[in-house]
Amino acid sequence: MSHKLKLAGACLNQTPIDWENNLRNIRSAITQAKDEGVDLLCLPELCITGYGCEDLFLSQWLPEKATEKLIEILPHTKDIAVTIGLPIRFNNQIYNTTCLITDGTITGFYAKQKLANDGVHYESRWFTPWPSQKIDTIQVDGNEYSIGHITVDYKGITIGFEICEDAWVTDRPCEHLKTKVDLILNPSASHFAFGKSEFREDLVIKSSKQFDCVYLYANLLGNEAGRMIYDGDVLIAQKGKLIGRNHRLWFHDFRLLEVEVDFGNHTATENIKPHYSDRKEEFSHAAGLALFDYCRKSRSKGFVLSLSGGADSSTIATLISFAVRTALEQRGKEGLEDKLGFKLEGETPEAITQQLLTTAYQATKNSSEATFNSAKNLAESIGATFYNWDIDAEVDQYRSTIEQAIGRKLTWEQDDITLQNIQARTRSPIIWMLANLENKLLMATSNRSEGDVGYATMDGDTSGSISPIAGVDKHFVLQWLQYAEHQLGFSGLKEVNSLTPTAELRPEDQHQTDEDDLMPYEVLMKIEREAILHGKAPKQVFDSLKSDYEHKKLKDWIKKFFRLWTRNQWKRERYAPSFHFDDFNIDPRSWYRFPILSGGYLEELEKL
């Protein structure tokens, strides 16, 4: 017998404790769902407060205010069922819950049982896991409701729940249900990482098969709180078959995906959108969205970038241009102005980029004509404002002052690192000055490979409000630049891609290159993954890679990596906030903690 219900999930671009934004997005999604005849709408995890509130969850007032906001939403839920995520204080503990509302009335609260506590997640710091199969009673606004491991009957179907991590672990809550469910709702806050969307999709499909039901998954969207990016997946599967998938990484406040499901005949009208599968394509959209959200949520007027003509700063300039292009395509100029909070001059992506992105080439006597032309031509091709100035006078003044103080001349033979660093540091004050003048975000340009080995000047090229590519390795950056030139149409990268990566801090006759200073970037990337992602000791790293390289060279590279890694933890502690892109990162505030002072692997390196 036919038994049709229209189901929908919505991804929301929320911000911690931005009540006006968060409730507006919730109401807008509900309104659109009702207009489209949706019977049941699933909204993401902790969407009232935002997922990234961190230690605010421990406060007395935040859960209380979240409950007040839940009550405010009730009148908007007439003639529809909606799940809404919020923190709940119950018996002096904080629980991560989703509230099911039907026709303007609270039906009950499902409480999360499995807390994410690995990688970038610290949920057990804030929340208490709910015991499996336990149901209690909570009083909200003078009324009593069920809370815990609940199931709910709605319009002739039985609904079960999981919240994000509940579905990613063994011993899942839905494995312990005492009744067969027709539908499982999973409101989530699952951060972006390369390739993770395919894993989510597989998880949803397999879950619908395992529990012989329809499985509906709804994720957050955008750069919510600074570091984490959310894909905005909405996925729906029925008995082992995908029937719904939305566009990911969209530059909108919310996106709705609906599917009509016949629970009687076990059929559905499919609604499957295309998605990004290539890492380089994912990076373009994830980084672009992250930069756009960071700019508007920090109430900044755009971006300032010290554009050297090299790979890293050129990647950031191109990503900003791509973000402008994509936001303009998806939102239009008026929508872009509405989110940024100010008027934009011109109509084209290039004209808008000129207003939003200010660049400067800061030359010294060691800079080349090739990198100047590379920077200038890229800036002109994307429309960015471009300045060019010389900092030799400032560098010479610093050098003269210290030489007079110590009573000797500085030489490249004796003072190599000092003479390199003063050039990078001299660029910092004036580019910060420009960012202050224009009320824009200064972009730090370090990548993850440089962070591994400290190949960056603290208070020089690390200066910035955010470090947008610190979550990806240099080997990937170089591959992405080729992709951006040839696949995304950024022809201004031609000269960038023809250059050998170099800091250009030594005299030109020394022919400085990054890989001569360090090691081949591909090797650095492989050592990093073995040592940091997989947690291997130096000898274990060697054993993993020895079939690919000449043994003496490989040992030298491994020794250099571990020595530089341990010596430069203090730098990683000070890097500007970065975005999480990969299945790991080296940010001690979000993924990998390492002691600032240590024995430096001395005994372990001896075994090589």
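Preceding block: the structure.
What counts, and where the lines are drawn
The residue numbers shown here count from 1 along each chain, following its written sequence. Totals for whole chains, interfaces and linings use all residues, but because this is a predicted model, local features are given only for residues with pLDDT of at least 70 and pairs of side-chain atoms are given and counted only at 80 or more. Side-chain figures throughout are based on the complete set of non-hydrogen atoms in the structure, without hydrogens or water. Put simply, DSSP marks the helices as runs of H or I at least four residues long and the strands as runs of E at least two long, and each gets a number from the N terminus on. Each radius of gyration is computed over the set of C-alpha atoms, and the globule rule expresses the reference value as 2.2 Å times the number of residues to the power 0.38. The buried label applies to any residue whose accessible area, calculated with a 1.4 Å probe on protein chains only, is under 20% of its type's maximum; exposed applies above 50%, and partly exposed to all values in between. Method for areas: the Shrake-Rupley scheme with a 1.4 Å probe, in which residue coverage is limited to the protein chains shown. Regarding the arc, it is the one traced by the directions from the helix axis to the C-beta atoms. The contact criterion used is simple: two residues touch if any of their non-hydrogen atoms lie within 4.5 Å. Residue count minus one, scaled by 1.5 Å, sets the expected span of a helix. We call two N or O atoms a polar contact when they sit within 3.5 Å, provided that within protein one can donate a hydrogen and the other can accept it, with sequence-adjacent residues counted only if both atoms are side-chain atoms. All axes are obtained by fitting lines to C-alpha atoms, using only the stretch in contact for helices, and the reported angles, taken between N-to-C directions, cover 0 to 180 degrees. If you view the pair so one helix is near and one far, a crossing is left-handed when the near helix is turned anticlockwise from the far one by less than a right angle, and right-handed when it is turned clockwise. Just so you know the grouping, Ala, Val, Leu, Ile, Met, Phe, Trp, Tyr, Cys and Pro go in nonpolar, Asp, Glu, Lys and Arg go in charged, and all remaining residues, Gly too, go in polar. Two strands pair under a simple rule: DSSP has to find at least two bridges between them.

1. Thoughts on the overall build of the protein
Along its length, the protein carries 19 helices and 22 strands. Against the 2.2 N^0.38 benchmark of 25 Å for 608 residues, the protein shows a C-alpha radius of gyration of 26 Å, consistent with a compact globule. By principal-axis analysis of the C-alpha atoms, the protein measures approximately 85 × 60 × 45 Å. When the 608 residues of the protein are sorted by exposure, 60% land in the buried category. A total of about 24300 Å² of accessible surface is found on the protein, and carbon and sulfur atoms cover 47% of it.

2. Description of helix α16 (residues 538-545)
Here α16 has its buried residues at P538, V541, F542 and L545. One side of α16 carries all its buried residues, which in axial view fall inside an arc of 100 degrees. At its buried positions, α16 is contacted by α15 (521-533), α17 (551-567) and α19 (602-606).

3. A few points about helix α12 (residues 474-486)
For α12, spanning 13 residues, the distance from its first C-alpha to its last is 19 Å, which sits close to the expected 18 Å at 1.5 Å a residue. Those residues of α12 that sit buried are K474, F476, V477, W480, L481, Y483, A484 and E485. Contacts made by the buried residues of α12 are with α5 (279-297), α6 (311-340), α11 (448-453), α13 (494-498), α14 (514-517) and α15. Its side-chain oxygen at 3.1 Å from the backbone nitrogen of H475, D473 defines the N-terminal cap of α12.

4. Some thoughts on the packing of helix α1 (residues 19-35) against helix α2 (residues 61-73)
One can describe the packing of α1 onto α2 by two numbers: an axis separation of 11 Å at closest approach and a directional angle of 35 degrees. Judged by the sense of rotation from one axis to the other, the crossing of α1 with α2 is right-handed. Mapping the contact onto sequence places W19, L23, I26 and I30 in α1 and W61, L62, K65, A66, K69, E72 and I73 in α2. Here the contact of α1 with α2 is composed, by residue class, of eight nonpolar, no polar and three charged.

5. Brief notes about the sheet that holds strand β8 (residues 152-154)
One open sheet holds the seven strands; their spatial order is β8-β9-β10-β11-β14-β15-β18, and the pairing between them is mixed. For this open sheet the edge positions go to β8 and β18 (271-272), each flanked by a neighbour on one side alone. Across three bridges, the pairing between strand β9 (residues 157-161) and strand β10 (residues 183-187) is parallel. For F161, the partnering residue across the bridge sits in β10 and is L185. Where helix α4 (residues 196-210) meets the sheet, it contacts β11 (214-218), β14 (234-238) and β15 (241-245), and its direction lies at approximately 30 degrees from that of β14.

6. Description of the sheet that holds strand β22 (residues 441-442)
Strand order in the open sheet formed by four strands is β21-β20-β19-β22, with parallel pairing between adjacent strands. Each edge of the open sheet carries a strand with a single partner, namely β21 (385-390) and β22. In the sheet, strand β19 (residues 303-306) pairs with strand β20 (residues 357-363) via four bridges, with the strands oriented parallel. The partner of V304 across the bridge, within β20, is T358.

Honestly, it's all geometry; don't read function into it.
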